[in-house]
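What follows is the residue order along each chain.
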Amino acid sequence: MEIIICSDASGVGELAAAKLARVVRDATSAPVLGVATGSSPLRAYLALARLVAAGKIDLSQAYAFALDEYVGLPAGHPESYAEVIRTTVTEPLGLDPARVRCPDGFATDLEAAGPAYEAAIKAAGGVDVQLLGVGANGHIGFNEPTSSLSSRTRIKTLATRTRLDNQRFFAHLDEVPNHCLTQGLGTIMDARHVVLVAQGESKARAIRGLVEGPVTAMCPGSVLQLHPHATIIIDEQAARQLTLADYYRDTYAKKPSWQRFDQ
Ligand code: GLP
């Protein structure tokens, strides 16, 4: 696990975009991006859009797969993740909408929607790089505490903490769905590279558990400790509870140039 501590949130976005751009440039066929909703990755998408606009990367042939979708919202709801991905990812990055998919939380057969999504990811060749945020309770995607570490895309019940955190996007708590369809932890672990971003003190506890805690279903993001190419990019506030923060800073400062992706 590589931990990079940036001085501020915009540095996190720039560096995450640089890492994604490196994977895209290295891809030998159409790159496959794993994309996330939430506020954490927004700066990375803006930085990536700037790279596209400057002609530094080409995403016109890229595929993108979202992590999750609410269950219970009407199709086209502005807070559905299909809509959020369209406005924050597909359009700004100039992706082909036909190559962007979200789990189908509107499906009549929700049980079949999970395996269908897994098959679509596989058919595209698997995810080259998965961008992730983290919930305050350590969830990634919508894999709440006690999710199986080897789970696949399936329906989940949202934790009260998550519904309260996401209430800000809705008029009332009652409007926040209780269920979702989310890639499993096993699905996320199949991505060839994983980049997790977090900013602010509200994420400090989750980051401590994810980076330095035991690998446990009580902190689902901790499964990333088992990933061979996981990069955790955080700001100073999110790093506040890390015991080895100085070691991570020192490691990054001494990183050989051939290993760097920020240049
Ligand atoms: C949401 C999403 C996650 C996201 C997390 C944190 O519920 N399902 O993918 O990482 O919660 O959101 P934010 O980045 O807004 O704090």
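Note that the structure is predicted; figures quoted are calculated from it, not measured. (Residues numbered from 1 in each chain as written. Predicted model: local features only at pLDDT ≥ 70, side-chain atom pairs only at ≥ 80, totals over all residues. Heavy atoms only, no water.)

(A) Structural detail: the pattern of salt bridges. Counted by the stated rule, this structure contains 13 salt bridges. When the shortest N-O distance is used, the salt bridge between Arg50 and Glu14 registers 2.7 Å. Here Arg50 is found in helix α2 (residues 42-53), whereas its partner Glu14 is found in helix α1 (residues 9-26), with 36 residues between them in sequence. A salt bridge links Arg86 to Glu83; the shortest N-O distance between them is 2.7 Å. Taken together, the positions of Arg86 and Glu83, both in helix α3 (residues 81-93) and three residues apart, correspond to about one turn of that helix. Several salt bridges share partner residues, and in doing so they unite Glu83, Arg86 and Glu91 into one network. (Salt bridge = Lys/Arg side-chain N within 4 Å of Asp/Glu carboxyl O. Helix = DSSP H or I, 4+ residues; strand = E, 2+ residues; numbered from the N terminus.)

(B) Summary view of the packing of α1 against α2. Between α1 and α2, whose axes approach to 7 Å, the crossing angle comes to 55°. With respect to each other, α1 and α2 are oriented oblique. The hand of the α1/α2 crossing is right-handed. Where α1 abuts α2, its residues Ala9, Ser10, Gly13, Glu14, Ala16, Ala17, Leu20 and Ala21 lie against Arg43, Ala44, Ala47, Leu48, Arg50 and Leu51. A breakdown of the residues in the contact of α1 with α2 according to their chemical character gives nine nonpolar, two polar and three charged. (Axes fitted to C-alpha atoms, helices over the stretch in contact; angles between N-to-C directions. Parallel < 35°, antiparallel > 145°, perpendicular 65-115°, else oblique. Left-handed = near helix turned anticlockwise from the far one by under 90°. Contact = heavy atoms within 4.5 Å. Nonpolar A, V, L, I, M, F, W, Y, C, P; charged D, E, K, R; others polar.)

(C) Quick peek at the sheet that holds strand β7 (residues 154-157). Pairing is antiparallel across the open sheet formed by three strands, whose spatial order is β4-β8-β7. Single-partner strands in this sheet number two, and they are β4 (68-71) and β7. The sheet shows a mean angle of 30° between the axes of neighbouring strands, taken without regard to direction. Of the strand pairs in this sheet, β7 and strand β8 (residues 179-182) are connected by four bridges, and their pairing is antiparallel. Across the sheet, residue Arg154 finds its bridge partner in β8, namely Thr182. (Pairing = 2+ DSSP bridges.)

(D) Layout of the site of the ligand. Around the ligand, the surrounding shell holds 13 residues, and the nearest of these are Ser39, Ser40, Asp68, Phe142 and Lys203. Here Arg168 contributes a side-chain N or O atom positioned 2.9 Å from an oxygen atom of the ligand. In this structure, an oxygen atom belonging to the ligand sits 2.6 Å away from a side-chain N or O atom of Lys203. Summarising the interface, the protein chains cover 94% of the accessible area of the ligand, which totals 390 Å² for the free molecule. Its residues assigned to classes, the shell around the ligand comprises three nonpolar, seven polar and three charged. (Near = heavy atom within 4 Å. Polar contact = N/O pair within 3.5 Å; in protein donor to acceptor, adjacent residues only side chain to side chain. Areas by Shrake-Rupley, 256 points an atom, 1.4 Å probe, with all protein chains shown as cover.)

(E) Summary view of unusual backbone geometry. At Thr146, a position not held by glycine, the phi torsion is positive, near 85°. Here Thr146 lies in the loop between β6 (129-132) and β7.

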